[in-house]
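Chain residues, written in single-letter form:
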Amino acid sequence: MKISILIYSPYGEKYVEVGCLNLVSDFVSKRLLTLYEEDKELNNLYILHGTFMDVTKMVGLVIENCQADDYSLDEAKLKKNLSAFMKKLSS
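Here the structure is a predicted model, which means the values were calculated and not measured. (Residues numbered from 1 in each chain as written. Predicted model: local features only at pLDDT ≥ 70, side-chain atom pairs only at ≥ 80, totals over all residues. Heavy atoms only, no water.)

## A look at helix α2 (residues 55–64)
Right, on to step 1. For α2, the complete set of buried residues consists of M58, L61, V62 and E64. Seen end-on, α2 carries its buried residues on one side only, within an arc spanning 160 degrees.
Right, on to step 2. Against the buried residues of α2 lie β1 (2–9), β2 (14–25) and α3 (75–90). (Buried < 20%, exposed > 50% of the residue type's maximum accessible area, 1.4 Å probe, protein only. Helix = DSSP H or I, 4+ residues; strand = E, 2+ residues; numbered from the N terminus. Arc of directions from axis to C-beta. Contact = heavy atoms within 4.5 Å.)

Below is the structure:
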């Protein structure tokens, strides 16, 4: 199972993955024989991994989404969006 976080790229005209979360279940654990003990019983591990956020891609997409229709940069919108993004990262 995989959960993806996608942001639209107006330049590429497609959605770009900036984060994901993957559940591998116990498939890898069975092959690597990695176990954990619970109540005197050995069990296979369930693995959860992913990238919370690819900050490099995210900042690029925030800047892309601040462009005006003539592809010039709307600086007021950029400043507003970047400050909102940074506040969310720090909280």
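## A few points about the nonpolar core
Right, on to step 1. Grouped together as the largest cluster of nonpolar side chains are five residues: V18, M58, L61, V62 and F85.
Right, on to step 2. Looking at this core, the element that brings in the most residues is α2, giving three residues. (Core = buried A, V, L, I, M, F, W, Y, C linked by side-chain atoms within 4.5 Å.)

## Regarding a negative patch on the surface
Right, on to step 1. Taken together, the side chains of E37, E38, D39 and E41 make up a negatively charged region of the molecular surface.
Right, on to step 2. Structurally, E38 is set in strand β3 (residues 35–38).
Right, on to step 3. The exposure class assigned to E38 is partly exposed, which follows from its relative accessible area of 42%. (Patch = residues over 30% accessible without salt bridge, like charges linked within 9 Å, V, L, I, M, F, W, Y side chains within 5 Å. Areas by Shrake-Rupley, 256 points an atom, 1.4 Å probe, with all protein chains shown as cover. Salt bridge = Lys/Arg side-chain N within 4 Å of Asp/Glu carboxyl O. Lys, Arg positive; Asp, Glu negative; His and termini not counted. Charge placed at Lys NZ, Arg CZ, Asp CG, Glu CD.)

## Quick notes on the pairing of β3
Right, on to step 1. Bridge analysis of β3 against strand β4 (residues 41–44) gives four bridges, and the strand direction is antiparallel. Bridging across to β4, E38 finds its partner in E41.
Right, on to step 2. A loop of two residues connects β3 with β4, the two strands running antiparallel in sequence, and D39 in this loop sits at a positive phi of about 55 degrees. (Pairing = 2+ DSSP bridges.)

Geometry only, nothing functional implied.
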